[in-house]
Amino acid sequence: MQFKLRFAFAAVVASFTSATSAAPAKVDFSHQIVPVLREHCGECHTGDKKKGSFSMNDRASLLAGGESGKAVIPGNAAKSPLIEAITSKDPDKQMPPKGARLSPEKVKLLRDWIDAGAPWEEGFAFKKPAYEPPLKPRRPTLPPVVAGRSNAIDRILDADLAKRKAATPKPVDDATFARRAHLDLVGLLPEPEALAKFLADKSPDKRAKLVRDLLANDTAYAEHWLTFWNDLLRNDYSGTGFITGGRKQITKWLYRALADNKPYDQFARELIAYTPESEGFAAGIKWRGDVSAGATTEIQFAQSVGQSFLGINLKCASCHDSFIDRWKLEEAYGLAAIYATGKLELHRCDKPVGKAAQASWLFPELGQVDAKAPQPERLKQLATLMTHPENGRFTRTIVNRLWHRLMGRGIVHPTDAMQSEPWNHDLLDFLATHLAEHKFDLKKTLELIATSAAYQSHAQILGKDADEQAYAYAGPRAKRLTAEQFVDTVWQMTGTAPTRFDAQVVRGKPSTEAVDAMKLAGQWIWSHADAGNAKAGETFTARKKFTLKSAPVRAGAVATADNEFKLYVNGALVASGDNWENPEAIALETKLKAGANDIVLVAKNGGTGPNPAGVIFEVRIKLSDGTTVTIGTDATWESLNSQPDAKGKFKAEPQTGGAAVEVANSALWNVKVGKQLATQLAQAATSAQPMVRASLLKSDFFMRALGRPNREQIVSVRPNELNTLEAIDLNNGQTLATRLEQGASRLLTKQWSDSDALTRWLYQFALARVPTTVELALAREVLGEKPTALGVQDLLWAVLMLPEFQLVR
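Computed from a prediction, not measured in an experiment: that's the story for all the values here.

Chemist: Sorry, what's going on with the nonpolar core here?
Modeler: Soluble, globular proteins show a tendency: their nonpolar side chains are buried together. Ranked by size, the top nonpolar core spans 152 residues in total, and within it Trp 229, Phe 309, Phe 486, Leu 736 and Phe 805 carry the most contacts. Counting 47 residues, the second-largest nonpolar core is a separate cluster that includes Met 518, Leu 548, Phe 565 and Val 663.

Below, the structure is given as structure tokens:
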């Protein structure tokens, strides 16, 4: 009986899968279908031309058909009259009636397109409608409050529903709301004890309080939303470009920006007019070998800035004038030229046109970039224009993305089609002005959405034939767990999360008591006693060798130098800094090892003449037996006569210049940064460390199978459907099986009164509800009177395979 549940639930997985091995080939509508329709059908059936009352100008017209009835049946090319017409040999029936016939390759493209449901680029029409998104912000007048629903979102949506005479979606129960809010805001399930306490709370404002409490959990918030931003800014921890140096992470900057809730306008400015830590976004990927004109780092910059911050697609316009929307080749190259450090020649379809690009901004109504200014100044000007108070497109784009993440569908949809008309202008405009009025605090926008009755309503039920082109609001939509959410929740329930992670970040925030108690052992050091009059540009290399009896459980460090430093641990560069007034907190547990270790500091003095120089470092290393090892700069460090190479390696054993010297008068630094050093070290070494999250790990086969992208391209929305590969890996994958095996063993160490108690706990944790009588009976059959590891593993698997679990509903 142990595997009865597994086989029973295999059918559930199959029913949850939207794609099969026989799925139609994926077709690129913009680049494959549009040219065919324009060439062979456009003369009679696009724009204002409707021969036979049949128009293909937009998708609604295409599906409506003409005098002869419907021409296209989405999902069924074999029964679509359009295919019959383009393949017919009868001169009276064949289409087009004159001119060249469609090649077999083009016919196949149209077949595949129709079989795939005739997908259409949102907002595209062969003859453009008059709509052009407004540039400036607009604060709409709010409709009256109805039935006590005073949240501005509800006031706008209630008026919309009333106008359409549509029913108001009913509210969900407290348990469903708690699960939804936890997964949406921090990416984890509510713990059973916390859920029980929330359900027992009779306070009328308990839902609003829960939302605020979740958003106040800075670490959980940052590590959940890191997934969203890594996708949108194509940041990762491994992959193409990192080994060759053609790509840079922005992880440390991004993590701290999220943990500190950096205002979104400042966030964007620091990515465009970048700092050394945030440069990777603007720099893109420097591909090896020959690349097309549309893949240079300058063009990548234009595409990334346009897509991430404005929700517009400049990829088509990077090759030629776009036939999807209004953007021109010169506009895309103008944005690219802002980033360029030299002359940038325009290329059309990868061929030079003999004209140089002029650095320019897409919306000159707000001002323009000085094309003659140096690149850093041009980037600052672009950052200012992007975040200009009158640039409503900037704020509309991000609030639309947040609405999509919480409500399951964008106000403008897809979220990267911001040239399209929103289904509710007032809603989009209000959210955008609300963000600006609240100092670009993204948490305030999330709070506004999550505390609305609209968010707290039952999810809209969609039929398989739902027409997305004619969308009308009817409640939020269920969302599939991301790969990271699925992995996190499995770790959360089974206690099998790893203890180490790949992202080079310092997690958590230290307590006031920990900061007050932190006394640094490290001293400011230099290569000679006259550090107060060190030469400008003078370099000092210091090394410390030591042995650890076991691999560290945790190791947190802090470092800074007047004026700059690089820190190498066991031959790898792990940190650097060029402003002594901003000490660096550094996580080193993954860099240190059992046995011999060495730390090398390379510090460099600045200035134009003799001035004080010094460097300070300290690491607190916690071992598995509970002991702590402290290594701090002092006179026991070696002063070396040479520096490591860029990879942290010495070509030969370096000659020592004697012992390092502790700087006599370090008060000039300690007065300024002593408190910061203690705070940063307390954060790195003592702050509470919650469960490691999947967003902090490199991708693996299991997460890739569940939809985590490789992030070589920007991904603003992941697929919401489970495909066959994912279903197979969930059913048979060794990674999940191993975690469930480990989790089952852990769960059996707890004291359960009977198997029903274990089942109830699991259902409350995973689904925020108690099991039904039928589910309890089936679980008893699997677990037996005394649960076994194999039985618990099967029960875990069965619950995880439920669509109810895999959806934020």
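Chemist: When you look at helix α23 (residues 667-686) in this model, what are you seeing that I'm missing?
Modeler: Side chains that are three or four residues apart share a direction in an α-helix, a result of its 3.6 residues per turn. At Val 673, α23 shows its largest bend, some 60 degrees. Within α23 the residues assigned to the buried category are Trp 669, Val 673, Leu 677, Ala 678, Leu 681, Ala 682, Gln 683, Ala 684 and Ala 685. Against the buried residues of α23 lie α12 (251-259), α22 (512-517), β6 (552-562), β9 (584-587) and β11 (614-623).

Chemist: Please clarify how the pattern of salt bridges should be interpreted in this entry.
Modeler: Oppositely charged side chains can pair when the atoms bearing their charge come close. For the coordinates displayed, the defined rule picks out 44 salt bridges. In this structure, the salt-bridge partner of Lys 443 is Asp 218, at a minimum N-O distance of 2.9 Å. Here Lys 443, found in helix α20 (residues 442-450), pairs with Asp 218, found in helix α11 (residues 218-232); they are 225 residues apart in sequence, far enough to count as distant. With a relative accessible area of 10%, Lys 443 lands in the buried category. Residue Glu 804 is joined to Arg 809 by a salt bridge in which the shortest nitrogen-to-oxygen separation is 3.5 Å. Salt bridges here are not isolated pairs; linked through shared partners, they connect Asp 231, Asp 236, Glu 484, Arg 708, Arg 711 and Arg 718.

Chemist: What exactly am I supposed to notice about helix α6 (residues 104-115) here?
Modeler: The terminal C-alpha atoms of α6, which comprises 12 residues, lie 16 Å apart, in line with the 16 Å expected from a rise of 1.5 Å per residue. Where α6 is concerned, the buried positions are Val 107, Leu 110, Asp 112, Trp 113 and Ile 114. Those residues of α6 hidden inside the fold are in contact with α2 (29-40), α4 (59-64) and α5 (81-87). Positioned one or two residues after α6, Gly 117 has a phi angle of 100 degrees, which is positive.

Analysis parameters
Residues numbered from 1 in each chain as written. Predicted model: local features only at pLDDT ≥ 70, side-chain atom pairs only at ≥ 80, totals over all residues. Heavy atoms only, no water. Core = buried A, V, L, I, M, F, W, Y, C linked by side-chain atoms within 4.5 Å. Buried < 20%, exposed > 50% of the residue type's maximum accessible area, 1.4 Å probe, protein only. Bend = angle between axes of the 7 residues up to and from the residue. Helix = DSSP H or I, 4+ residues; strand = E, 2+ residues; numbered from the N terminus. Contact = heavy atoms within 4.5 Å. Salt bridge = Lys/Arg side-chain N within 4 Å of Asp/Glu carboxyl O. Expected span 1.5 Å × (residues − 1).

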